[in-house]
Amino acid sequence: MRKGVMRPGHVQIRVMDIEEAVIHYRDRLGLIDVGRDAQGRAYLKGWTEVDRFSVVLREADEPGMDFMGFKVVSSEVLEQRKQDLLRYGCQVEVIPAGELDGCGERVRFDSPTGHYFELYAEKDQTGKWGVSESNPEAWPEDLKGMRANRFDHCLLYGDDIDGTAALLQNVLGFQLSEQVLDRDGGDMRVAAFLACSMKAHDVALVRHPEKGKFHHASFYLDTWGDVLRAADLISMHDIALDIGPTRHGLTHGQTIYFFDPSGNRNEVFTGGDYTYPDHPVVTWDAQQLGKAIFYHDRQLNENFLGVVT
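The structure reproduced in this document is the subject of the present report. It should be emphasised that the depicted structure is a prediction, and the values quoted were computed from it without experimental measurement.

Section: the overall build of the protein chain
Okay, step 1: Counting its secondary structure elements, the protein chain contains six helices and 17 strands.
Okay, step 2: The globule rule puts the C-alpha radius of gyration for 309 residues at 19 Å, and the 18 Å found for the protein chain is close to it.
Okay, step 3: The principal-axis extents of the C-alpha atoms in the protein chain amount to approximately 50 × 45 × 45 Å.
Okay, step 4: Counting over 309 residues, the protein chain shows a buried share of 56%.

Quick word on the pattern of salt bridges
Okay, step 1: This model, assessed by the stated rule, comprises 24 salt bridges.
Okay, step 2: The partner of Arg26 in a salt bridge is Asp33, with the nearest N and O atoms 3.8 Å apart.
Okay, step 3: Here Lys144 and Asp27 are joined by a salt bridge, their closest N and O atoms 3.4 Å apart. Residue Lys144 is found in the loop between strand S8 (117-120) and strand S9 (150-158), and its partner Asp27 is found in helix H1 (residues 18-28); the two are separated by 117 residues along the sequence.
Okay, step 4: The exposure class assigned to Asp27 is buried, which follows from its relative accessible area of 19%.

Things to note about a negative patch on the surface
Okay, step 1: Together, Asp17, Glu20, Glu59, Asp61 and Glu62 make up a negatively charged patch on the protein surface.
Okay, step 2: On the secondary structure map, Asp61 appears in the loop between strand S4 (55-59) and strand S5 (64-72).

Brief notes about the packing of aromatic side chains
Okay, step 1: If you walk through the whole model with that rule in mind, you get seven aromatic pairs.
Okay, step 2: Ring centres of Tyr43 and Phe53 lie 4.9 Å apart, and the angle between their planes is 80 degrees; this geometry places the pair in the edge-to-face category. One end of the pair, Tyr43, is in strand S3 (residues 42-45); the other, Phe53, is in the loop between S3 and S4, with ten residues separating them in the sequence. Taken as a pair, Tyr43 and Phe53 share a single burial class, namely buried.
Okay, step 3: Summarising the aromatic geometry, the rings of Phe109 and Phe117 are spaced 5.9 Å apart at their centres and angled 35 degrees between planes, so their arrangement reads as tilted. As far as burial versus exposure is concerned, Phe109 and Phe117 are alike and both buried.
Okay, step 4: Every member of this aromatic cluster is reached through a ring pair, and the members are Phe70, Phe109, Phe117 and Phe174.
Okay, step 5: Between the NZ or CZ atom of Arg150 and the centre of the ring of Tyr220, over which it lies, the distance is 4.3 Å.

Let's talk about the packing of helix H2 (residues 75-88) against helix H3 (residues 161-172)
Okay, step 1: With their axes 10 Å apart at the nearest point, H2 and H3 run at an angle of 135 degrees to one another. Here H2 is positioned oblique relative to H3, judged by the angle of their axes. Classified by chirality, the crossing of H3 by H2 is right-handed. Residues Arg81, Asp84, Leu85 and Tyr88 of H2 touch H3, and the partners they reach there are Ala166, Leu167, Asn170, Val171 and Leu172.

Some remarks on the state of the cysteines
Okay, step 1: Enumeration over the complete set of coordinates arrives at zero disulfides.
Okay, step 2: With no disulfide of its own, Cys90 has Cys196 as its nearest cysteine by sulfur position, at a separation of 16 Å.
Okay, step 3: Look at Cys90 and you get buried, because its relative accessible area is 9%.
Okay, step 4: Here Cys196 stays unpaired: no disulfide links it, and the sulfur of Cys154, its closest cysteine neighbor, is 12 Å away.

What to know about the sheet that holds S5
Paired through backbone hydrogen bonds, the strands of a sheet run either parallel or antiparallel to each other.
Okay, step 1: An order of S2-S3-S4-S1-S5-S8-S7-S6 is seen for the eight strands of this open sheet, with the pairing classed as mixed. Edge positions in the open sheet fall to strand S2 (32-36) and strand S6 (92-95), since each of these has one partner strand only. With direction set aside, neighbouring strand axes in the sheet form an average angle of 25 degrees.
Okay, step 2: In the sheet, S6 pairs with strand S7 (residues 106-109) via four bridges, with the strands oriented antiparallel. Among the inter-strand pairings, Ile95 is bridged to a residue of S7, identified as Arg106.

Here we look at helix H4 (residues 224-236)
Okay, step 1: The end-to-end C-alpha distance of H4 is 19 Å, a good match for the 18 Å that 13 residues give at a rise of 1.5 Å each.
Okay, step 2: All of the buried residues in H4 are Asp226, Val227, Ala230, Ala231, Leu233 and Ile234. Looking straight down H4, one finds its buried side chains confined to an arc of 165 degrees; they lie on one side. Within H4, the exposed residues directed more than 90 degrees away from the buried face are Ser235 and Met236.
Okay, step 3: In this fold, the buried residues of H4 make contact with strand S14 (241-247), strand S15 (253-259) and strand S16 (265-271).
Okay, step 4: A side-chain oxygen of the first residue of H4 lies 3.3 Å from the backbone nitrogen of Gly225; this N-cap is Thr223.
Okay, step 5: Positive backbone phi, approximately 55 degrees, marks Asp238, located one or two places after H4.

Rules behind the numbers
- The written sequence of each chain sets the order in which its residues are numbered from 1.
- Totals for whole chains, interfaces and linings use all residues, but because this is a predicted model, local features are given only for residues with pLDDT of at least 70 and pairs of side-chain atoms are given and counted only at 80 or more.
- The basis for every side-chain value is the complete set of non-hydrogen atoms in the structure, without hydrogens or water.
- Helix and strand definitions follow DSSP, with helices as H or I runs of at least four residues and strands as E runs of at least two, each counted in order from the N terminus.
- We compute the radius of gyration over the C-alpha atoms and compare it with the globule rule, which gives 2.2 Å times the number of residues raised to the power 0.38.
- Residue burial is assigned from relative accessible area. The probe radius is 1.4 Å, only protein chains are included, and a residue is buried under 20% of its type maximum, exposed over 50%, and partly exposed in between.
- We count a salt bridge whenever a side-chain nitrogen from Lys or Arg sits within 4 Å of a carboxyl oxygen from Asp or Glu.
- Like charges within 9 Å and nonpolar side chains (Val, Leu, Ile, Met, Phe, Trp, Tyr) within 5 Å are joined into patches, using only residues over 30% in relative accessible area that form no salt bridge.
- In this description, accessible areas are obtained by the Shrake-Rupley approach with a 1.4 Å probe, and a residue is regarded as covered only by the protein chains that are shown.
- Residues scored as positive are Lys and Arg, those scored as negative are Asp and Glu, and His as well as the terminal groups of each chain are ignored.
- Lysine's charge is taken at NZ, arginine's at CZ, aspartate's at CG and glutamate's at CD.
- When the centres of two rings from Phe, Tyr and Trp lie within 6.5 Å, Trp using its six-membered ring, the rings pair. Their planes under 30 degrees apart give stacked, over 60 give edge-to-face, and anything left gives tilted.
- Note on geometry: a ring has a charge over it if NZ (lysine) or CZ (arginine) is within 6 Å of the ring centre and within 35 degrees of the ring normal.
- Only the contacting stretch of a helix is used when fitting its axis, a line to C-alpha atoms as for every element, and angles between N-to-C directions run 0 to 180 degrees.
- Put simply, angles under 35 degrees are roughly parallel, angles over 145 are roughly antiparallel, angles from 65 to 115 are roughly perpendicular, and the rest are oblique.
- Left-handed describes a crossing whose near helix is turned anticlockwise from the far helix by less than a right angle; the clockwise case is right-handed.
- A contact between two residues is defined here by any heavy atoms of the two lying within 4.5 Å.
- Note on disulfides: each one is a pair of cysteine sulfur atoms within 2.5 Å.
- Following DSSP output, two strands are said to pair if at least two bridges run between them.
- Each helix should span, by expectation, one fewer than its residue count multiplied by 1.5 Å.
- Relevant arc is that of directions from the helix axis to the C-beta atoms, nothing else.
- For this analysis, a polar contact is any N or O atom pair within 3.5 Å, provided that within protein one partner can donate a hydrogen and the other can accept it, and provided that sequence-adjacent residues contribute only side-chain to side-chain pairs.

Below you can see the structure in the form of structure tokens.
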């Protein structure tokens, strides 16, 4: 935990048809449906997550991401980071407790890439779904679909990725774990992978001319066999496949990408690197981007690079 930021806590995704979206995220991805709120938003979580929810679906006219939230260790840290964000020059909004069902006060702030992030300290804890906290079994027997464990990270596209990376590092204590540099462009940073935990990354940024774009939300699975099973389910249910199953060079995760019915990209993956505070930054050359993204094919996929919501 750096500066008291523990982990990604939730993401709110815009969908075109809420009922169709719930079927996808509940029955195909295998998230647990934990209910709706007065606004009609749907709440879901991975079965290993102890907090009440990690994914919020909001019906809208266009797909994309509204915001991504990170959980901090205490209300005192929440107030400290709010003051830090204000001093840094961010536009900060305090969202009252209960605006998201079961979630305490949230501190929302903007970023140079046009994305909105938020911090919170309190959320109802309902425990892992289907297993006890005392002498727990290995896993629930009635999980659906791909049996997603948890919401893991987001990849976001925007113009000033250096500015957003600096904000996350300087104010929230994120660590730059990996990056892609264009050696022919004065070592311009093309992508940045940042961690607030020991994972390979908790949020990633890719340079793009438009602000505020959403590339994907990612969910963790147990094994490579589970990723292959996800590929079978994608075919069985005619889900739009993007790429995979394959392996990344960046982070070394084993992965598959596909789309929800509204066109938002999802990833399920397993494996991957870990990040300790004393680890050096891993750097890839942009000229090796094909291998960095798709380690086996070593070829860029224009659909993967260009399609965002």
